[in-house]
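# Tertiary structure, described
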Amino acid sequence: MRSSNVATETLFSKIISKELPSDMLYQDELVTAFRDISPARPTHILIVPNEPIPSSADVNPEHEAAMGRMHTVARKLAEDEGIAADGYRLIINCGEHGRQEVPHLHMHLLGGEDVGPMLMRNKPA
Ligand code: DGP
């Protein structure tokens, strides 16, 4: 099946191909994980599909293997980081209202301390 909704090369594509440096923790044929450049919590890792799917809004059945792998890799990395027992948060921002900044779908793995309430009831500006 043809791969649809595939974007052109992104910032994260260049990290995946090692054209740009990163603190890479994991890579296989479907996904890559590296530390966020501006960590919001003691552990802040980004897990991305190697294919430059722009956002969750572009996910198709052909992407299900990569989407599942992102989750199993998140679980493995949480264990590797020693944060699995205390818990952690997985976040995928999508589009403008989701405040997605990098247009290459990615999952944030955040932990190492209580990450706080899921969303602030009073919206920030
Ligand atoms: P989001 O708002 O969900 O699109 O998150 C984008 C994240 O990407 C943000 O937490 C910062 C991170 N980020 C942006 N540029 C780079 C980079 O060049 N390297 C790394 N490691 N992370 C980056």
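Residues numbered from 1 in each chain as written. Predicted model: local features only at pLDDT ≥ 70, side-chain atom pairs only at ≥ 80, totals over all residues. Heavy atoms only, no water.

### What to know about the site of the ligand
- Around the ligand, the surrounding shell holds 16 residues, and the nearest of these are Asp36, Asn93, Glu101, His106 and His108.
- One of the backbone nitrogen or oxygen atoms of Ile37 is found 3.2 Å away from a nitrogen atom of the ligand.
- Between the ligand and Asn93 there is a distance of 2.9 Å, counted from an oxygen atom to a side-chain nitrogen or oxygen.
- In the complex, 84% of the free accessible area of the ligand, which totals 510 Å², lies under the protein chains. (Near = heavy atom within 4 Å. Polar contact = N/O pair within 3.5 Å; in protein donor to acceptor, adjacent residues only side chain to side chain. Areas by Shrake-Rupley, 256 points an atom, 1.4 Å probe, with all protein chains shown as cover.)

### Some details on the pattern of salt bridges
- By the definition in use, this model includes 7 salt bridges.
- The network of salt bridges with shared partners includes Asp23, Arg35 and Glu81. (Salt bridge = Lys/Arg side-chain N within 4 Å of Asp/Glu carboxyl O.)

It is worth stressing that arrangement in space is one thing and function is another; only the former is reported here.
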